[in-house]
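Observations on chain architecture
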Amino acid sequence: MIDRIFAFSHTHCLAICGFLVPANLLATLQTMIFTPWPRFRSRVPILVTIASLYALAMVFHVFTWFAVGVVMAPTFILLFLACVCLTINGWAIAHPASLSQLLLQLWHWLKLLGNHLAITFPLRSVQSSVNPD
């Protein structure tokens, strides 16, 4: 039975990774988006469960490659991605208040950075500086 699972994992590696990488990123992003919102807090455990399943599937897929001796950069990168997703999702369950605070601070910092870049590199000033005469 385990041989069939390993064979499936190795045969369809590109398709598995092509699905699991975006699924991990999008599911964890959903967790990060909905955790700070108080009205969505009841849905966060469901989102975390789904995101964690994708990350655990990625870990299992990578370990099937480690089991046959494939030790390359992509296996470590995929394992790191899965571990980061699992950590963020675990954080959303264990300490949602601190994750919410960090995400809100990050959001405000990005807004300030965006406002600074808009002031530093105004696109409209290029259009308005063109003399219509």
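Refer to the structure presented above.
Along each chain, residues carry numbers from 1 onward, in the same order as the chain's sequence is written. Totals for whole chains, interfaces and linings use every residue, but because this is a predicted model, local features are given only for residues with pLDDT of at least 70 and side-chain atom pairs only at 80 or more, for both listing and counting. For side-chain calculations, the full set of non-hydrogen atoms in the structure is used, while hydrogens and water are omitted.

Before going further, it helps to spend a moment on the overall build of the protein. Strands are runs of DSSP state E lasting at least two residues, helices are runs of H or I lasting at least four, and both sets are numbered from the N terminus onward. Tallying secondary structure elements over the protein gives 6 helices and 0 strands in all. Tracing the protein from N to C terminus, the helices and strands come up as α-α-α-α-α-α. Contacts spanning at least 24 positions in sequence make up 68% of the contacts within the protein whose residues lie at least 6 apart. Computed with the Shrake-Rupley method and a 1.4 Å probe, the accessible areas treat only the protein chains shown as cover for residues. Accessible surface for the protein amounts to roughly 9400 Å². Of this, 74% is attributable to carbon and sulfur atoms. Contacts: residue pairs with any heavy atoms within 4.5 Å of one another.

Only residues whose relative accessible area exceeds 30% and that form no salt bridge enter a patch; like-charged residues are grouped when within 9 Å of one another, and nonpolar side chains (Val, Leu, Ile, Met, Phe, Trp, Tyr) when within 5 Å. In the sections that follow, a salt bridge refers to a side-chain nitrogen of Lys or Arg positioned within 4 Å of a carboxyl oxygen of Asp or Glu. Together, L106, W109, L110, L113 and L117 make up an exposed nonpolar region whose accessible area comes to about 460 Å². Relative to the assigned elements, L117 resides in helix α5 (residues 96-120). Buried means the residue's accessible area, taken with a 1.4 Å probe over protein chains only, is under 20% of the maximum for its type, while exposed means over 50%, and partly exposed covers the values in between. Of the residues examined, L117 reaches a relative accessible area of 40% and is grouped as partly exposed.

Counting along an α-helix, one turn takes 3.6 residues, and residues three or four places apart therefore face a common direction. Expected helix span is given by 1.5 Å per residue-to-residue step, counting one fewer step than there are residues. Taking 1.5 Å as the rise per residue, helix α4 (residues 73-94) with 22 residues should run 32 Å; its terminal C-alpha atoms sit 31 Å apart, in good agreement. By the burial criterion, the buried members of α4 are T75, L78, L79, L81, A82, C85, I88, N89 and A92.

For helix α3 (residues 44-67), which comprises 24 residues, the first-to-last C-alpha distance of 34 Å matches the rise-based estimate of 34 Å (1.5 Å per residue) to within 8%. Along α3, the positions that sit buried rather than exposed are V44, L47, V48, A51, S52, A55, M58, V59, H61, V62, T64 and W65. Those residues of α3 hidden inside the fold are in contact with α1 (2-11), α2 (13-34) and α4. One or two steps after α3, the chain reaches G69, where phi turns positive at roughly 95°.

Right, let's get into the environment of W65. By the element assignment, W65 lies in helix α3. Once the C-alpha coordinates of W65 and T75 are considered, the two residues, 10 residues apart in sequence, prove to be 7.6 Å apart. Discounting residues that sit within four places of it in the chain, W65 has contacts with S9, H10, C13, V70 and T75.

Another aspect to go through is the packing of α2 against α4. Between α2 and α4, whose axes approach to 10 Å, the crossing angle comes to 25°. In terms of their interaxial angle, α2 and α4 are classed as roughly parallel. Crossing hand, α2 versus α4: left-handed. Taken together, the residues of α4 that come into contact with α2 (itself represented by C17, V21, N24, L25, T28, T31 and M32) are L78, L81, C85, I88, N89 and A92. Tallied by class, the residues present in the contact of α2 with α4 amount to 9 nonpolar, 4 polar and no charged. The axes used here are C-alpha line fits, helices contributing only the stretch in contact, and every angle between their N-to-C directions lies in the interval 0 to 180 degrees. Angles are sorted into four bins: roughly parallel if under 35 degrees, roughly antiparallel if over 145, roughly perpendicular if 65 to 115, and oblique for all others. Two helices that cross are described as forming a left-handed crossing if the nearer one is turned anticlockwise from the farther one by less than a right angle, and a right-handed crossing if clockwise. Residue type decides the class: Asp, Glu, Lys and Arg count as charged, Ala, Val, Leu, Ile, Met, Phe, Trp, Tyr, Cys and Pro as nonpolar, and the leftover types, Gly among them, as polar.

Attention now goes to the side chain of T31. Within the secondary structure, T31 is located in helix α2. Once residues within four sequence positions are removed from consideration, T31 is found in contact with L47, V48, A51, N89 and A92.

Here, the term nonpolar core denotes a set of buried Ala, Val, Leu, Ile, Met, Phe, Trp, Tyr and Cys residues that are joined through side-chain atoms within 4.5 Å. Counting residues in hydrophobic clusters, the biggest one holds 12 residues: I16, C17, L20, A55, M58, V59, V62, L78, L79, L81, A82 and C85. Where this core is concerned, the elements lending two or more residues are α2, α3 and α4. The element best represented in this core is α4, accounting for 5 residues. Not counting residues within four places of it along the chain, the set of residues in contact with V62 comprises T75, L78 and L79.

The values are spatial; any link to function lies outside them.
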